[in-house]
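# A closer look at the structure
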Amino acid sequence: PLRYDSDMIMKHLTPGDIDRLFTDHMHVWLSNPVRRQIGESLRFGGSQGFAVNLRTGLWSNHYEGDKSGNLFQFIAESRNISVREAIEWVGEWSK
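Since this is a predicted model, take the numbers as computed values, not measurements.

In this section: the nonpolar core. What tends to happen in soluble globular proteins is that the nonpolar side chains get buried as a cluster. Core analysis: the biggest nonpolar cluster contains 24 residues, and Phe22, Phe50, Val52 and Leu71 have the highest contact counts within it. Mapped onto this core, the elements with two or more residues apiece are α1 (6-12), α2 (15-25), β2 (41-44), β3 (50-53), α3 (71-79) and α4 (83-93). If one sorts the elements of this core by residue count, α3 sits on top with five residues. Apart from residues no more than four positions distant in its own chain, Leu71 is found in contact with Met10, Leu13, Leu21, Phe22, Gly57, Trp59 and Val90.

This part takes up α4. Among the residues making up α4, those that are buried are Ala86, Ile87, Glu88, Val90 and Gly91. For α4, the elements touching its buried residues are α1, α2 and α3.

If you trace the backbone, Asp5 turns up in the segment before α1. Taking the relative accessible area as the measure of exposure, Asp5 reaches 40% and is therefore partly exposed. It is 20 Å that separates the C-alpha atoms of Asp5 and Arg20, two residues lying 15 residues apart in sequence. From its side chain, Asp5 meets the backbone nitrogen of Asp7 in a polar contact 3.1 Å long.

Here is what the cut-offs are and how they apply
- Residues numbered from 1 in each chain as written.
- Predicted model: local features only at pLDDT ≥ 70, side-chain atom pairs only at ≥ 80, totals over all residues.
- Heavy atoms only, no water.
- Core = buried A, V, L, I, M, F, W, Y, C linked by side-chain atoms within 4.5 Å.
- Buried < 20%, exposed > 50% of the residue type's maximum accessible area, 1.4 Å probe, protein only.
- Helix = DSSP H or I, 4+ residues; strand = E, 2+ residues; numbered from the N terminus.
- Contact = heavy atoms within 4.5 Å.
- Polar contact = N/O pair within 3.5 Å; in protein donor to acceptor, adjacent residues only side chain to side chain.

Printed below as a string of structure tokens:
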């Protein structure tokens with residue numbers, strides 16, 4: 001059973017936490033992840049590159065045909081783990 005609930009984790013993460021999680025893992029997705037913040041949006045790469053909503057943790061990767069997901073899917077793919085394991089990993093990280 002999960003020790004952490006994804007909704008509860010998201011309620012406790014700040015935009016700064018979400019920024020750190022994406023920034024720390026972006027090297028897996030992009031070879032030269034140039035980071036820009038525009039309001040509540042975080043972008044890596046060109047204007048149509050990789051976009052993250054810092055309030056919700058939702059992301060879009062326009063480099064891969066508009067692939068998108070939530071924070072836990074991003075962490076799962078970045079760390080090569082399941083979404084369930086990503087929820088647990090983020091829960092532990094956010095302690």
